[in-house]
Amino acid sequence: MRTAMPAAPEALTVPEVMTALRLSRSKVYDLIRSRELASFTVGRARRVAPDSLRAFIQAQIEENAA
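The protein is annotated in an unreviewed UniProt entry as Helix-turn-helix domain-containing protein from Streptomyces musisoli.

See below:
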């Protein structure tokens, strides 16, 4: 029996963002609080769209290339 590969997540948790960026929890929340990293809440849960994470990374690359 074959199992389907899980689809890419539509929203990432803060721990997933921490892992992706290799940053601490407090630093990720600092980025969210300063609006450098866009996020949204569902109830009490904070989520980050993968596109927001990619945009943040691209902005950092461009900022550091200048």
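When its secondary structure is counted, the protein shows 3 helices and 3 strands. In sequence order, the secondary structure elements of the protein are arranged as β-α-α-β-β-α. The C-alpha radius of gyration of the protein comes to 14 Å, more than 25% above the 11 Å expected for a compact globule of 66 residues. Over its C-alpha atoms, taken along the principal directions, the protein stretches across nearly 50 × 30 × 20 Å. With 66 residues in all, the protein has 20% of them scored as buried.

Our focus in this paragraph is the packing of helix α1 (residues 14–21) against helix α3 (residues 50–65). At a closest axis distance of 12 Å, the pairing of α1 and α3 adopts a crossing angle of 30°. Put simply, α1 runs roughly parallel to α3. When the axes of α1 and α3 are compared, the crossing they make is right-handed. Every residue of α3 that contacts α1 at Val17, Ala20 and Leu21 is listed here: Leu53, Phe56 and Ile57.

Attention now moves to the UniProt feature "domain: Helix-turn-helix" (unreviewed entry) in the protein. Residues given the UniProt feature "domain: Helix-turn-helix" (unreviewed entry) here are residues 12–60. Helix makes up 57% of residues 12–60 and strand 18%, whereas the separation of the span's terminal C-alpha atoms amounts to 19 Å.

Side chains three or four residues apart in an α-helix point the same way, a direct result of the helix having 3.6 residues per turn. Taking 1.5 Å per residue, 16 residues should reach 22 Å; α3 reaches 23 Å between its end C-alpha atoms and fits that length. Among the residues making up α3, those that are buried are Pro50, Ser52, Leu53 and Phe56. Buried residues along α3 cover an arc of 165° about the axis, so they all sit on one side. Along α3, exposed side chains directed more than 90 degrees from the buried face belong to Asp51, Arg54, Glu62 and Ala65.

Looking now at the environment of serine 24. Checked against the element boundaries, serine 24 lands in the loop between α1 and α2 (25–33). Judged by its relative accessible area of 39%, serine 24 is partly exposed. Between the C-alpha atom of serine 24 and that of valine 14, which follows or precedes it by 10 residues, the distance is 9.8 Å. Within the structure, the side chain of serine 24 is placed 3.2 Å from the backbone nitrogen of lysine 27, a separation counted as a polar contact.

So, how was this worked out
Residues numbered from 1 in each chain as written. Predicted model: local features only at pLDDT ≥ 70, side-chain atom pairs only at ≥ 80, totals over all residues. Heavy atoms only, no water. Helix = DSSP H or I, 4+ residues; strand = E, 2+ residues; numbered from the N terminus. Rg over C-alpha atoms; globule rule 2.2 N^0.38 Å. Buried < 20%, exposed > 50% of the residue type's maximum accessible area, 1.4 Å probe, protein only. Axes fitted to C-alpha atoms, helices over the stretch in contact; angles between N-to-C directions. Parallel < 35°, antiparallel > 145°, perpendicular 65-115°, else oblique. Left-handed = near helix turned anticlockwise from the far one by under 90°. Contact = heavy atoms within 4.5 Å. UniProt positions renumbered as here; feature names shortened; annotations may be inferred. Expected span 1.5 Å × (residues − 1). Arc of directions from axis to C-beta. Polar contact = N/O pair within 3.5 Å; in protein donor to acceptor, adjacent residues only side chain to side chain.

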